[in-house]
Amino acid sequence: MFLSHLECTSCGLCHDWSHLQNLCTACHRPLFAIYDLDAVGHSLKQETLRTREKSLWRYRELLPLPADVDPVSLGEGGTPLLRAKKFADDVDLWIKDESQNPTQSFKARGMAVAVSMAKHLGATKLAVPSAGNAGGALAAYAARAGLEAHIFMPRDTPRANIIECRELGAHVTLIDGLITDCGAEIARRKTAEGWFDMSTLKEPYRVEGKKTLGYELAEQLDSQLPDVILYPTGGGTGLIGMWKAFDEMEALGWIGKKRPRMFSVQATGCAPIVRAFENGDSTAAEFPDAHTCASGLRVPKAIGDFLILTILRQSNGGAVAVDDDEMVRVAREVGSSEGLFVSPEGSACFAALKSLCATRKIAPHERVVVFNTSSGIKYLDCCEP
Ligand SMILES: Cc1ncc(COP(=O)(O)O)c(C=O)c1O
Ligand SMILES: [Zn+2]
C-alpha cells in the first residue's frame with residue numbers, strides 16, 4: 001500500500017490514516033489522501049494498466065485500501081467514453097457515461113472506496129446526507145459490506161432514489177429541508193448513535209474513488225487530456241478528485257503540465273459556485289431558496305467550495321448556470337441524437353456546452369468532455385408525460 005498519510009487541504013496539518021477520520025482536527029476543512037508517488041512509480045507502469053480488470057480497482061496502487069484487504073466492490077468504474085455522433089458537431093465532443101455504474105450513477109465510485117476503507121477501519125454504522133444518488137450508492141455498498149446504512153434525504157428527493165435505498169435495506173429518513181439540513185441532523189445525532197459520517201469531503205476517501213474519473217479519462221484519451229471539461233457541480237467532489245488525479249499523474253510522469261479548462265455547471269435555481277466565481281470570491285455563500293429538478297445540483301453550500309473555485313480559476317475555466325426547462329429540453333435532444341437517456345445533471349453539461357460555444361469560450365474543434373453522471377431513468381418525475 002502506498003498511502004502515506006492524510007493532509008489538510010487548507011492548513012496542511014498531517015493526520016494518521018490508520019483510524020477513522022473526518023475533517024482536519026485543527027481547521028475543520030477536508031483531508032486529502034497522500035501517496036508515496038515515487039514508490040508507486042517504481043512498482044506500477046502505466047502500460048500495466050491495460051492488462052488489468054476494467055473496474056476502478058485497476059488503479060489499486062493509487063487507492064487507499066491495504067493490498068491484502070478485499071475491496072467492497074460491485075464492479076464500479078471502467079465506464080465508456082463515447083464520441084458524440086451528432087450533438088454539437090463543430091466541437092470534438094466526448095461523453096463519459098457514468099450511468100453505467102452500479103446504482104446507475106458515478107456516486108458508486110466514491111462509495112466503493114469510502115465504504116471499503118470505513119469497513120477496514122472498523123466502522124459498523126454509516127450515515128450520509130444525500131440529494132439522492134449518494135444515498136443509493138451507500139445503501140448498495142453498505143449492504144454488500146454487511147454494514148448499516150442511515151440515509152437522510154430531502155422529502156422531495158426523486159422517488160427512484162428513495163425506493164432504491166429502502167430496497168437495498170438502508171434506514172431512510174426524509175427531512176423537510178435541503179441536503180444541508182440532512183447533514184446538520186446527522187451531525188447532531190452521530191455521536192449518540194455511533195454513526196460514521198460519510199458526507200462527501202467530510203471523510204477522505206469518496207474523493208479518492210471519484211478521482212478515478214481523471215485516471216480513466218487520461219487512459220481512454222492516450223494521456224492527452226481534453227481542452228475542456230464540463231462537470232455538473234453539487235459538492236464538487238468529482239471535479240476536485242479529477243484535479244488531484246491530474247497532479248498525481250504529472251508527478252508519476254504519465255502526463256505533462258497541460259490541464260483542461262474546468263467548468264462547473266450548476267442549475268439557475270442553485271448556483272452558489274457560479275455566483276462566487278462571478279463575484280471573484282474565494283468561498284461560496286449559501287444559496288438561498290435552492291430549487292432545481294437536477295437534485296444532485298441542489299447543494300446550496302459545499303464544504304469544498306474554496307477548492308472548486310481555485311481549480312476553476314487555475315485552469316482558466318469558469319462556471320455556468322442552466323435553467324431546469326433547458327435541462328429537460330436538452331435531455332430529449334441528447335436522447336434522440338446520441339441514444340443516451342441522460343439525467344438532468346448530465347443534460348445541464350450539454351446545455352452549458354451550447355452556451356459556452358455561443359459565447360466563444362469554447363472554440364470550434366476543441367476537444368470537450370461532458371459527464372453524464374446518472375441515468376435519466378432515476379428522474380422520471382422530471383420528464384413531461
Ligand atoms: C447525478 C449527479 N450529478 C452530479 C452530482 C454532483 O456531484 P458532486 O457532489 O461531485 O459535485 C450529483 C450529486 O448528488 C449527482 O447525483
Ligand atoms: Zn486544517
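Scroll up a little and you will see the structure.
Calculation criteria
- Residues numbered from 1 in each chain as written.
- Chains lettered and ligands numbered in written order.
- Predicted model: local features only at pLDDT ≥ 70, side-chain atom pairs only at ≥ 80, totals over all residues.
- Heavy atoms only, no water.
- Helix = DSSP H or I, 4+ residues; strand = E, 2+ residues; numbered from the N terminus.
- Rg over C-alpha atoms; globule rule 2.2 N^0.38 Å.
- Buried < 20%, exposed > 50% of the residue type's maximum accessible area, 1.4 Å probe, protein only.
- Contact = heavy atoms within 4.5 Å.
- Areas by Shrake-Rupley, 256 points an atom, 1.4 Å probe, with all protein chains shown as cover.
- Lys, Arg positive; Asp, Glu negative; His and termini not counted.
- Charge placed at Lys NZ, Arg CZ, Asp CG, Glu CD.
- Donors = N, O, S within 2.8 Å, 3.2 Å for Na, K, Ca; no water.
- Tetrahedral: all angles 85-135°; square planar, octahedral: opposite > 155°, others 65-115°.
- Phe/Tyr/Trp six-rings, centres within 6.5 Å; stacked < 30°, edge-to-face > 60°.
- Lys NZ or Arg CZ within 6 Å of the ring centre and 35° of its normal.
- Near = heavy atom within 4 Å.
- Polar contact = N/O pair within 3.5 Å; in protein donor to acceptor, adjacent residues only side chain to side chain.
- Nonpolar A, V, L, I, M, F, W, Y, C, P; charged D, E, K, R; others polar.
- Pairing = 2+ DSSP bridges.

Colleague: So, the overall build of the protein chain: which residues are in play, and what are the values?
Modeller: When helices and strands are tallied, the protein chain shows eleven helices and 13 strands. A compact globule built from 385 residues would reach a C-alpha radius of gyration of about 21 Å, and the protein chain, at 19 Å, matches this within 12%. Considered along the principal axes of its C-alpha atoms, the protein chain spans approximately 50 × 50 × 40 Å. Looking at the protein chain as a whole, 60% of its 385 residues are labelled buried. In the protein chain, the share of contacts with a sequence separation of at least 24, taken over all contacts with a separation of at least 6, comes to 70%. If you sum the accessible surface of the protein chain, you get close to 14,900 Å²; carbon and sulfur atoms cover 49% of it. Charged side chains of the protein chain number 42 positive and 48 negative; the gap between the two group centres comes to 1 Å.

Colleague: How would you summarise the coordination of the zinc ion (ligand 2) if you had to cite specific residues and measurements?
Modeller: C8 (SG), C11 (SG), C24 (SG) and C27 (SG) make up the full set of protein donors to the zinc ion (ligand 2), lying at 2.3 Å. Each of the four donor atoms bound to the zinc ion (ligand 2) contributes to angles spanning 98 to 120 degrees, and the resulting shape is tetrahedral. Spacing between the donor residues of the zinc ion (ligand 2) along their common chain follows C-x2-C-x12-C-x2-C. Separated by 19 residues along the polypeptide, C8 in strand β1 (residues 3-8) and C27 in the loop between β2 (14-15) and β3 (31-35) bring together distant segments of the chain.

Colleague: Any details on the packing of aromatic side chains? Residues and values, ideally.
Modeller: Scanning the entire structure with this criterion turns up seven aromatic pairs. Ring centres of Y215 and W254 lie 6.2 Å apart, and the angle between their planes is 80 degrees; this geometry places the pair in the edge-to-face category. Of this pair, Y215 sits in helix α6 (residues 206-220) while W254 sits in the loop between α7 (237-251) and β11 (261-267), placing them 39 residues apart in sequence. Of the residues examined, Y215 reaches a relative accessible area of 2% and is grouped as buried. Given the relative accessible area of 9%, W254 is considered buried. Taking the ring centre of F306 as reference, the NZ or CZ of R29 above it sits at 4.3 Å. Above the face of the F106 ring, K210 is positioned so that its terminal group lies 4.1 Å from the ring centre.

Colleague: Please set out the site of ligand 1 residue by residue, giving values where relevant.
Modeller: Near ligand 1 you find 17 residues, and of these K107, Y231, G234, G236 and T373 are the closest. Within the side chain of N133, a nitrogen or oxygen atom sits 2.9 Å from an oxygen atom of ligand 1. A total of 390 Å² of accessible area belongs to ligand 1 in isolation, and the protein chains cover 97% of it. Among the elements of the structure, β10 (228-232) and α7 are those that each provide at least two residues to the shell around ligand 1. By residue class, the composition of the shell around ligand 1 is four nonpolar, ten polar and three charged.

Colleague: Would you mind going over the sheet that holds β3 in detail, with residue names and values included?
Modeller: Strands sit in the order β2-β1-β3 across an open sheet of three strands; the sheet is antiparallel. Both outer strands of the open sheet, β2 and β3, are each paired with one neighbouring strand and no more. Where β1 lies against β2, two bridges are found, and the strand directions are antiparallel. Within β2, the residue paired with E7 across the bridge is C14.

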